[in-house]
Amino acid sequence: MNARTTAKVLRRRSLAVVDRLSYVPVSRLPLNIVLNVLVSQQWLLAGLRPAADYLIGRTSPVVPGVRVKRVSTSVRGEWVWAPEAQDAVVAAGVVLVLHGSGYLICSARTHRGFASHLSEYSGMPTFAIDYRLAPEHPFPAAEDDAFAAYRWLLRQGHDPAKIVVAGDSAGGHLAVALALRLRSVGLPAPAAMALFGPLIDPSYQACIADPRVRRQPLDPQTAKRAVALYVGDHDAQDPRLCLLNADLSDLPPIQIHYGSREVMRADAEAFAALVVESGGRCDEQMWPGLMHGYWLWPRGGGLTSLQVAGHFLRTAVAEANAAS
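Parameters and conventions
Residues numbered from 1 in each chain as written. Predicted model: local features only at pLDDT ≥ 70, side-chain atom pairs only at ≥ 80, totals over all residues. Heavy atoms only, no water. Core = buried A, V, L, I, M, F, W, Y, C linked by side-chain atoms within 4.5 Å. Buried < 20%, exposed > 50% of the residue type's maximum accessible area, 1.4 Å probe, protein only. Helix = DSSP H or I, 4+ residues; strand = E, 2+ residues; numbered from the N terminus. Contact = heavy atoms within 4.5 Å. Phe/Tyr/Trp six-rings, centres within 6.5 Å; stacked < 30°, edge-to-face > 60°. Lys NZ or Arg CZ within 6 Å of the ring centre and 35° of its normal. Salt bridge = Lys/Arg side-chain N within 4 Å of Asp/Glu carboxyl O. Pairing = 2+ DSSP bridges. Right-handed = clockwise from strand over helix to strand, strands pointing away. Axes fitted to C-alpha atoms, helices over the stretch in contact; angles between N-to-C directions. Expected span 1.5 Å × (residues − 1). Parallel < 35°, antiparallel > 145°, perpendicular 65-115°, else oblique. Left-handed = near helix turned anticlockwise from the far one by under 90°. Nonpolar A, V, L, I, M, F, W, Y, C, P; charged D, E, K, R; others polar.

S.K.: Before we move on, could you go through the nonpolar core and cite the residues and values that matter?
M.R.: Ranked by internal contacts, the top residues of the largest apolar core, which has 94 residues, are L96, F127, F196 and F271. Among the elements that make up this core, the one with the highest residue count is helix α6 (residues 170–185) (8 residues). If near-sequence neighbours (up to four positions away) are discounted, F196 is found in contact with F114, L118, G167, D168, S169, H257, Y294, W295, S305, L306 and A309.

Right, dumping it as structure tokens:
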């Protein structure tokens, strides 16, 4: 057995153990102790980020044969071309990837695997950005950076009808915030958005009250305290932060993915309903047995979720261009 095969076997076995332990109620205790320490001792976050980037980047599987190009100009991030997308030209479109992790940690590097799967299944290159992180850079720093990245893509010659956006967790929140900001300033919207376990309401009111969150390891109370570092001195009920309070009309088509054990499932369901009530399109994809973050270590239903999202994004670009 070679080193690569051994690593795959160890990763699979480790994830199986994590799956079993995550169903035990006491499993949330160590995770939330660590998160609470980081929230109360914010200076530790700067030291944690390189270790988190390394660990997630090394364990999150990347599609074999990807090509990566780093960008460090006015916008920072990286392009990822999966084999399926390496012959694609600008006309094929692009997926703007907004990474998650509570606005506190992670980067384009941690989400290279996520981006590579979306590239493979959409047939388009992805561009994942590195936005500024809290608590050093609270709201609206990340939104400003996402807005700058979108405008940068436009300046690079990308047709907005051929730009789609994908975001997970806080990145899902950022994707919707970007669409709302584009609408407010009169810039064209992307063709579609795919959201994975998105943050919707920084106050976590519905999630805290949802009994379904008891069978997964992340405590919404702790998540609320973590996201508060990004909210800063702003009102968490501001429509730019609590998306349930925003005007959700005239958004591009949305596909929202979450597991049955998603900590923010109640908010995802409420958000989808509000988008539809506002006259928009929001397709819900609920994946049984999966919890927050499944898209970073996809297998089984998690891998199918990424395939479905990639097909949705590819089809949205085709439909937008057929209509133009």
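Don't stop here, the text continues.
S.K.: Please set out the packing of aromatic side chains residue by residue, giving values where relevant.
M.R.: Considering all chains together, one arrives at 9 aromatic pairs under this definition. Clustering of aromatic rings is evident, with ring pairs tying together W79, W81, F127 and W152. The cationic tip of R67 hangs over the ring face of W81; the distance from NZ or CZ to the ring centre is 4.1 Å. Here R181 stacks its cationic end above the ring of F147, 4.5 Å away from the centre of that ring.

S.K.: So, the pattern of salt bridges: which residues are in play, and what are the values?
M.R.: Taken as a whole and judged by the stated rule, the model has 12 salt bridges. D144 serves as the salt-bridge partner of R181, at 2.6 Å between the closest nitrogen and oxygen. Residue R181 is found in helix α6, and its partner D144 is found in helix α5 (residues 141–155); the two are separated by 37 residues along the sequence. Looking at R181, the relative accessible area reads 23%, which means it is partly exposed. For D144, a relative accessible area of 28% translates into the label partly exposed.

S.K.: Report on the pairing of strand β5 (residues 163–168), specifying residues and quantitative values.
M.R.: For β5, the tally of buried residues reaches 6 of 6 residues, placing the bulk of the element in the interior. As paired strands, strand β3 (residues 94–98) and β5 are joined by 5 bridges and run parallel to one another. Paired with V94 across the bridge in β5 is I163. Where β5 meets strand β6 (residues 192–196), 5 bridges bridge the pair, whose relative direction is parallel. Directly across from G167, in β6, lies its bridge partner L195. The handedness of the β5 to β6 crossover, carried by α6, is right-handed.

S.K.: Requested: an account of the sheet that holds β3, with residues and values cited.
M.R.: Pairing in this open sheet of 8 strands is mixed, and the strands run β1-β2-β4-β3-β5-β6-β7-β8 from one edge to the other. At either end of the open sheet lies a strand with only one pairing partner, and these are β1 (67–72) and β8 (282–291). For this sheet, the mean inter-axis angle between neighbouring strands, taken without regard to orientation, is 20 degrees. In the packing of helix α4 (residues 112–122) onto the sheet, the strands contacted are β1, β2 (76–81), β3, β4 (126–129), β5 and β6, and the crossing angle to β2 comes to about 45 degrees.

S.K.: Give me the lowdown on α6, citing residues and values where you can.
M.R.: Because the α-helix completes a turn every 3.6 residues, residues three or four places apart line up on one side. Between its first and last C-alpha atoms α6 spans 22 Å; for 16 residues at 1.5 Å apiece the expected length is 22 Å, and the two agree. Burial of α6 is extensive: 12 of the 16 residues sit out of reach of the surface. Listed as buried for α6 are A170, G171, G172, H173, L174, A175, V176, A177, L178, A179, L180 and L182. As for α6, its buried residues are in contact with β3, α5, β5, β6 and α9 (265–277). Residue G186 follows α6 closely and has a positive phi angle near 80 degrees.

S.K.: Could you give an account of the packing of α5 against α6, with specific residues and numbers?
M.R.: Where α5 contacts α6, the axes come no closer than 9 Å and their chain directions differ by 65 degrees. On the basis of their axis angle, the class for α5 and α6 is roughly perpendicular. Note that α5 runs across α6; the crossing there is right-handed. In contact with A142, E143, D144, A146, F147 and Y150 of α5, α6 contributes L174, A177, L178, R181, L182 and V185. In the contact of α5 with α6, the residues fall into 9 nonpolar, no polar and 3 charged.

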